[in-house]
Amino acid sequence: HPCILECFPSPTSDLLKENKSLEVTASSRHYVDRLFDLDPQKVLQGVIDMKNAVIGNNKQKANLIVLGAVPRLLYLLQQESSSTELRTECAVVLGSLAMGTENNVKSLLDCHIIPALLQGLLSPDLKFIEACLRCLRTIFISPVTPEDLLYTDATVISHLMALLSRSRYTQEYICQIFSHCCKGPDHQTILFNHGAVQNIAHLLVSTSYKVRMQALKCFSVLAFENPQVSMTLVNVSVDGELLPQIFVKMLQRDKPIEMQLTSAKCLTSMCRAGAIRTDDSCIVLKTLPCLVRMCSKERLLEERVEGAETLAYLIETDVELQRIASITDHLIVMLADYFKYPSSVSAITDIKRLDHDLKHAHELRQAAFKLYASLGANDEDIRKKIIETENMMDRIVNGLSESSIKVRLAAVRCLHSLSRSVQQLRTSFQDHAVWKPLMKVLQNAPNEILIVASSTLCNLLLEFSPSKEPILESGAIELLCSLTQSENLALRVNGIWALMNMAFQAEQKIKSDILRGLSTEQLFQLLSDSDVNVLMKTLGLLRNLLSTRPHIDHIMSTHGKQIMQAVTLILEGEHNIEVKEQTLCILANIADGTTAKELIMTNDDILQKIKYYMSHSNAKLQLAAMFCISNLIWNGEEGSQERQDKLRDMGIVDILHKLSQSSDPNLCDKAKTALQQYLA
C-alpha cells in the first residue's frame, strides 16, 4: 500500500542521508586540515579552494565554522610571516562566512574578529585593507553586531577617516560602516568631531554610484534629529555647490528610488532641525512631493513604508506643510491602500509573495497611522477627511489591539491626533465606542503607549464629549489616580490633567470619588511636585473640584484644613505668576461658598496674603485677589456686614479706593463694584 511506504521510509534512504552528511563533513574537514599544512603555498591554495567552496553555500559555511576554521583563518590573517596574498584571501573567506546566517556572524564575533580586522587596516597593502574593510562592513551591517564595537578604541575612527582617500572601495565600505554604526547622538557627535562632514561631503559627487549612495546614507543618519550636524551641512559646498542643492538634484525623478528617498530624508532632517525653513521651495516643491510619490501604489512596500514615515516626520509640527501634503496626489485616499495587505489569497500565486506581504503588512499599517496622525495634528478639515476615508475608525480600533507594539503605538497616536476635534469626539468617536479599546490599551501598556493613550483619554474626558460617562463607569478614576503616582513625568501630567477634565462641571459624587481616589497625601505630593506642569494641572483640578456652592461647602467641610494649608504653602513659595494666580482663583472659589467662606475669614494669615496681592505689581494677581474680596463682602449674604467690617479694619477699603483710580480698566471696574457693596 502506498501509504505504508510513505509513513515508514525504507532504511536505505536513512543510510543515504547519513552518508551524505558524513561526506559533507569529511570534505569540510579536508578544507580545514589544509590550513595547517607546513607548506605556505599549499595553505594559500587551501584558502582559495575554501573561498570557492563557500560562495553561496550556507551549509558549507556552517560546517567550516563548526570544524574550527575561523580561529585558524584569523591566526593566518594576523601572522606577520603570512604573505599579503594569504592574509588577503583569509579576509575574503571570513567575509564570505559573515555573509551567511546571523549565527555565523555570532561565531565570528566570539572569535574576536573585529579587533583582528581593525589591526589589519594598519597594513600598507591596499588590497588587504579593502578585503578587511569589506569583511568589517558585512559584520557591522548584521543586526547581531553591537555598534559600540566600532567606538571602543578612539584611534579607529580617525584611521578610517584617513583611509577614505585611498580608493573608491575604501570609500564605499567605510561610509557603509559609518551609516550602520551611527545610532543616536553620541555616535553622531564622535563622527562629527572626527570631521565626518568634511571628509564625506566630496564623495557625494564621486563617479561611483555606490560611493555617492553610501555617502548620502551617512548624511541621512548623521543629520537625523541633530541640529549641530544639520546647521553645518547647510553651509558646506562641494565644487561650488551647496549640499542642499546637491540633495535636491538627487531627489529628481530620473534618479534611483533609493537615492531619491535618502536625499529626501537628509532634507527632512535639516528642515526639522531648523537649518532649512519649512516654506523653502526645496521643501515645499521638492522634498514633500517626492515623499508623497513614495507612498503611491507603484512603489515597493518597503519604499512606501519609508516614504510615509519620513513624510510624517517632515510635516509633524508644521500646519502649512500638513495642509499642502493633504491635497497632494490624493494622499489621504492613497494611504487607505496601506491597510490592504496581504492582498486577497487568490491574487497571490506564490508563497514567497505572501510571506513578503505579511512581513510588511504591519509596517505599512504603522506608517499609515503615523502619517494620518501628522496630517490631522492641527486642521479640522483634514481630520474630517481622514475619518471619512473608508473604514478608518474601524481600522484604528483594530490597530489598538494588534499584537505588534509599534502598530498599537501608531494607532494610539493617530487616535490622539483625531481626538483633538470637538466634532469627531461628538460623532465618530461615539459611534465607534473608541473609549472601550482605549481603556483596554491603558491596562499594563509600556510607558510610550501609556503616554499617548492617556493624552487621548484627557480629550475624551472633556465636558462636551459623550464618552465621558461610560469612561467613568469603567473604572477610570482609579486608573488615572495611579498614573499620578508614576515615576514618569508625562504620565503624572496626563493623569492629573485627565482628572482635571473629569472634574469640570461634574456632579458631587464624581468629585468625592476623585478626592477619595487621590488621597490628601497624594494631593500634597502633587502640589509639591518639582514640575510646574504637574503643579498647574493639580491646581486646575482643585479649582474644578471647588465649583458650585454646595460642592465647595461639602469639600471644604471634609478637606478644608488640608486645602487651606496647601494654598498657604503655594502663596508663600517661590512660584511663577501663573501658579499664584491659579491659587488665588481657588481662594476666590472658596470665598464663594456659603459656609466655606469662614475658613478664609478666620484665617488672618490668608487674609493678609490676599491684601498683599491686591497691591502686587502684577495686574493678574491683583485681579485674582480682588475676586476673593468681592466674594467675601457681597451684600445680601449671611454675615456680609461682619465680613465687610473686618476687612475695612484691615485697610482693604483704602486699597479699593486706590485701585478705583487705576489705569487698568479691569482693576478699576472691579474695585468700583466692590466699593458699591460697602455703600449699598
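Residues numbered from 1 in each chain as written. Predicted model: local features only at pLDDT ≥ 70, side-chain atom pairs only at ≥ 80, totals over all residues. Heavy atoms only, no water.

Asks: Explain the overall build of the protein chain residue by residue, including any values.
Replies: Across its full length, the protein chain holds 42 helices and two strands. For 680 residues, the compact-globule formula gives about 26 Å, and the C-alpha radius of gyration of the protein chain, at 35 Å, lies well above that figure. When its C-alpha atoms are laid out on the principal axes, the protein chain stretches across 115 × 75 × 45 Å. Looking at the protein chain as a whole, 54% of its 680 residues are labelled buried. If you take every contact in the protein chain between residues at least 6 apart in sequence, the share linking residues at least 24 apart comes to 67%. For the protein chain, the computed accessible surface area is about 31600 Å², with 52% contributed by carbon and sulfur atoms. (Helix = DSSP H or I, 4+ residues; strand = E, 2+ residues; numbered from the N terminus. Rg over C-alpha atoms; globule rule 2.2 N^0.38 Å. Buried < 20%, exposed > 50% of the residue type's maximum accessible area, 1.4 Å probe, protein only. Contact = heavy atoms within 4.5 Å. Areas by Shrake-Rupley, 256 points an atom, 1.4 Å probe, with all protein chains shown as cover.)

Asks: Can you lay out empty space enclosed by the protein for me, pointing to particular residues and giving the numbers?
Replies: Within this structure, the stated rule accounts for one cavity of 30 Å³ or more. Lining the largest cavity, in full, are Thr 520, Leu 523, Phe 524, Leu 527, Leu 542, Gln 562, Ile 563 and Ala 566. Those elements that provide at least two residues to the lining of the largest cavity are α33 (508-527) and α35 (549-572). For the lining of the largest cavity, the element with the most residues is α33, which contributes four residues. (1 Å grid on protein atoms, 1.4 Å probe; cavity = no way out; pocket = protein on both sides within 12 Å on 5 of 7 lines; lining within 4 Å. Points joined across faces, edges and corners; volume = space filled by probe spheres on them.)

Asks: Please give an account of the side chain of Thr 310 that cites residues and values.
Replies: Looking at the element boundaries, Thr 310 is found in helix α19 (residues 301-315). A distance of 2.7 Å separates a polar side-chain atom of Thr 310 from the backbone oxygen of Glu 306. Apart from residues lying up to four places away in sequence, Thr 310 is in contact with Lys 265, Thr 268 and Leu 291. (Polar contact = N/O pair within 3.5 Å; in protein donor to acceptor, adjacent residues only side chain to side chain.)

Asks: So what about unusual backbone geometry? Which residues, and what values?
Replies: Its identity is not glycine, yet His 330 carries a phi of approximately 50°, on the positive side. Positionally, His 330 belongs in the loop between α20 (319-326) and α21 (331-336). The class for His 330 is exposed, based on a relative accessible area of 66%. In this structure, Thr 548 is a non-glycine residue whose phi angle is positive, near 65°. As for its position among the elements, Thr 548 is in the loop between α34 (532-545) and α35. Of the residues examined, Thr 548 reaches a relative accessible area of 47% and is grouped as partly exposed.

Asks: Tell me what's going on with the pattern of salt bridges, and back it up with residues and numbers.
Replies: Within this structure, the stated rule accounts for 31 salt bridges. Note that Asp 513 and Lys 509 form a salt bridge whose closest N and O atoms lie 2.7 Å from each other. Of this pair, Asp 513 and Lys 509 both sit in helix α33, separated by four residues, roughly a single helical turn. One network of salt bridges, with partners in common, ties together Lys 297, Asp 337, Lys 340 and Glu 390. (Salt bridge = Lys/Arg side-chain N within 4 Å of Asp/Glu carboxyl O.)

Asks: Provide a residue-level description of the confidence of the model for the protein chain, including the pertinent values.
Replies: When pLDDT is averaged along the protein chain, the result is 90, and 95% of the positions lie at 70 or above. Helix α1 (residues 2-7) is the least confidently modelled element of the protein chain, averaging 36 in pLDDT, while helix α17 (residues 257-272) averages 98, the highest of any element. Confidence over residues 1-22 falls short of pLDDT 50; this stretch has zero contacts with residues more than four positions distant or in other chains. (pLDDT = per-residue confidence, 0-100.)

Asks: Pulling in residues and values, what's your account of the packing of aromatic side chains?
Replies: The full count for this structure, using the stated rule, is five aromatic pairs. An angle of 50° between the planes, with centres 5.4 Å apart, marks the rings of Phe 224 and Tyr 313 as tilted. Of the two residues, Phe 224 is situated in the loop between α14 (209-223) and α15 (227-234) and Tyr 313 in helix α19; the sequence distance between them amounts to 89 residues. A residue is classified by how much of its surface remains accessible, and Phe 224, at 41% relative accessible area, is partly exposed. (Phe/Tyr/Trp six-rings, centres within 6.5 Å; stacked < 30°, edge-to-face > 60°.)

Asks: Run through the packing of α14 against α17, naming residues and quoting values.
Replies: Across the interface, α14 lies against α17 with an axial gap of 8 Å and an inter-helix angle of 30°. Relative to α17, α14 is oriented roughly parallel. Taken as a pair, α14 and α17 cross one another with a handedness that is left-handed. The residues of α17 that touch α14, namely those facing Tyr 209, Arg 212, Met 213, Leu 216, Lys 217, Phe 219, Ser 220 and Ala 223, are Glu 258, Met 259, Thr 262, Ser 263, Lys 265, Cys 266 and Ser 269. Partitioned by chemical class, the residues of the contact of α14 with α17 number seven nonpolar, four polar and four charged. (Axes fitted to C-alpha atoms, helices over the stretch in contact; angles between N-to-C directions. Parallel < 35°, antiparallel > 145°, perpendicular 65-115°, else oblique. Left-handed = near helix turned anticlockwise from the far one by under 90°. Nonpolar A, V, L, I, M, F, W, Y, C, P; charged D, E, K, R; others polar.)

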